[in-house]
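The primary structure of each chain is shown beneath.
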Amino acid sequence: MRAKGRWFTLHRWLGLVLGLWFALVGLTGSVLVFEEPVDAWLNPLLLTARSSGPALSPQQIVARAQQQQLGHVERIRLPAAEGEVYRLLVRTRPERRVGVERVEAMFDPASGALLGTRSAESLGLSAPLAMQTLYEFHRNVLLGNAGSNVVGIAGALLLVSALTGMVLSWPARQAQWRRLLTVNWRVSFTRVAFDVHRTAGVLAAALLLLATLTGLTLVYVNYVRDAVSLVSKVESFPTIPWRDATGEPAPLEALLRAVHAQYPEARLREIRVPAGQLTGYQFFLEQRGDQYRLGDTILWVHPVSAEILVERSDRTRNAGETFMHWLFPLHSGTAFGTAGMVAMSLAGIAPLLLVLTGLWVWLRKRPGERLAAEHQRARAAARTNEKIGV
């Protein structure tokens, strides 16, 4: 019984001290599960195509960006569905090494018209910057690299809070499981809040544990990669030797033809353009059954010869690479399709419910706990006085 009291004290103070952070991180994660549709809803003029017809090729869209003199295109994200737009990440001052600003430029896929731009690095509460700000808060509480460690430590404490809650709720007898998973609505509001707190915690426990564990691995992904490599080697991204990268770069159209010839059934989702010729172009391909939002196949293509250097896909990944690849789909719920995304989004709301119900119960029970403590101290003092004959 004394051990359970210690578990209760730890669980309560973790909730009181970090409850607001738990709730905010959960809510931001709940929204970020559906980041792209929410972003499109907030910014219809930027992220909705205005004309119909066949989509222009990535090469043609890059040419339009060059005509606009936007800068060096670093990333090309293709429209994945009807009504979506081309999204290009552009470095505005490519000749500078420091103080470089990046913007995201949106192009209509049929007409090639520039729909608008927004900063890819600024934060704010305006509609164009809202989702980026939510992501940065979820990732590092807007504190940069130092904030990632704050999130990691707080995430570990959230894991402890979830585990202590499970210990406290675990029934002593099998017959008590039914009571654990139901709420009695005919009792006082405080008792209802307690039942909701316990039942919601039990129902969301598995998803909260999954989100917390995968979130921790993503915060410390380099350490996790090194640890996994001790068991199953996780290969680093390929680098092209300088002597093999000399010559005129192949046009993007030639690279696209080479990729399509090798993977005719795959749908191209994104292209990442190297700054120089030291690394290959990255192509993200989506095939039927893929769970990652950009597809489960990544190719590195030589910028001069258009040769496919490396393929990372389900057929080439070893156990360690597969483990690392699945971390984000598990964290976001995309590993289980739409149902998994909905479930993970609902789990993100659970911390707010747990904080509110737990705080209410604690505030209502606090006067009684104080009175019980005073009575206990009085009884202890009385026993002491009896022993010394006062």
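The coordinates are above.
To keep things clear, this report deals only with the structure shown in the data block.

Reading the values: rules and limits
- Note that residues are indexed from 1 along each chain, following the sequence as it is written.
- In view of the model being predicted, local features appear only for residues whose pLDDT reaches at least 70, and side-chain atom pairs are presented and counted only at 80 or more, with totals across whole chains, interfaces and linings using the full set of residues.
- The basis for every side-chain value is the complete set of heavy atoms in the structure, and neither hydrogens nor water enter the calculation.
- Every helix listed is a DSSP run of H or I at least four residues long, and every strand listed is a run of E at least two residues long, numbered separately from the N terminus.
- As used here, the term nonpolar core means buried Ala, Val, Leu, Ile, Met, Phe, Trp, Tyr and Cys residues forming a set that is joined through side-chain atoms within 4.5 Å.
- When a residue's accessible area, from a 1.4 Å probe over protein chains only, is under 20% of the maximum for its type it is buried; when over 50% it is exposed; and in between it is partly exposed.
- When checking whether two residues touch, look at their non-hydrogen atoms; a contact exists if any pair is within 4.5 Å.
- As used throughout, the charge tally considers Lys and Arg to be positive and Asp and Glu to be negative, leaving His and the chain termini uncounted.
- Salt-bridge detection follows one rule: a side-chain nitrogen of Lys or Arg within 4 Å of a carboxyl oxygen of Asp or Glu.
- Pairs of N or O atoms are called polar contacts if they sit within 3.5 Å, as long as, within protein, a hydrogen donor faces a hydrogen acceptor (for residues adjacent in sequence, only side-chain-to-side-chain pairs).
- Using a grid of 1 Å spacing that covers the protein atoms alone, one calls a set of points a cavity when a 1.4 Å probe fits there but cannot get out, and a pocket when the set is open and has protein on both sides within 12 Å along at least five of seven lines; lining residues are those with an atom within 4 Å of a point.
- Grid points are joined across faces, edges and corners, and a volume is the space filled by probe spheres set on the points.
- Ten residue types, Ala, Val, Leu, Ile, Met, Phe, Trp, Tyr, Cys and Pro, are classed as nonpolar, four, Asp, Glu, Lys and Arg, as charged, and the remainder, Gly among them, as polar.

### Regarding unusual backbone geometry
Argument step 1. Within the chain, Val141 stands out as a residue other than glycine whose phi angle is a positive 45 degrees.
Argument step 2. Positionally, Val141 belongs in the loop between helix H5 (127–140) and helix H6 (144–169).

### Some words on the nonpolar core
Generally speaking, soluble globular proteins have nonpolar side chains that are buried together.
Argument step 1. One finds Ile76, Leu88, Leu252, Ile271 and Phe283 to be the most contacted residues of the largest nonpolar core, which totals 31 residues.
Argument step 2. Listing elements by their share of this core, those giving two or more residues are helix H4 (58–67), strand E1 (72–77), strand E2 (86–91), strand E3 (102–107), helix H10 (252–262), strand E5 (267–272), strand E6 (281–286) and strand E7 (297–301).
Argument step 3. In this structure Leu88 touches Ile61, Ala65, Val73, Arg75, Ile76, Val103, Glu104, Ala105 and Phe107, once residues within four positions along its chain are discounted.

### Overview of the side chain of Asp290
Argument step 1. Mapping Asp290 onto the fold places it in the loop between E6 and E7.
Argument step 2. Of the buried charged residues, Asp290 lacks a salt bridge, with Arg317 as the closest side chain of opposite charge at 7.7 Å.
Argument step 3. Reaching out from Asp290, the side chain makes a polar contact with the backbone nitrogen of Gln287 at a distance of 2.7 Å.
Argument step 4. There is a polar contact of 3.1 Å between the side chain of Asp290 and the backbone nitrogen of Asp296.
Argument step 5. When sequence neighbours within four positions are dropped, the list of residues in contact with Asp290 reads Leu285, Gly295, Asp296 and Thr297.

### Overview of the layout of surface pockets
Unfilled space is identified by rolling a water-sized probe across the atoms.
Argument step 1. The space that makes up the second largest pocket amounts to roughly 1,400 Å³.
Argument step 2. Looking at the second largest pocket, it is lined by 43 residues, and the ones nearest its centre are His11, Leu168, Ser169, Phe194 and His197.
Argument step 3. Contributions of two or more residues to the lining of the second largest pocket are made by helix H1 (2–32), H6, helix H7 (177–180), helix H8 (189–219) and helix H12 (337–388).
Argument step 4. With 10 residues, the single largest contributor to the lining of the second largest pocket is H1.
Argument step 5. Looking at the lining of the second largest pocket residue by residue, the class counts come to 24 nonpolar, 12 polar and 7 charged.

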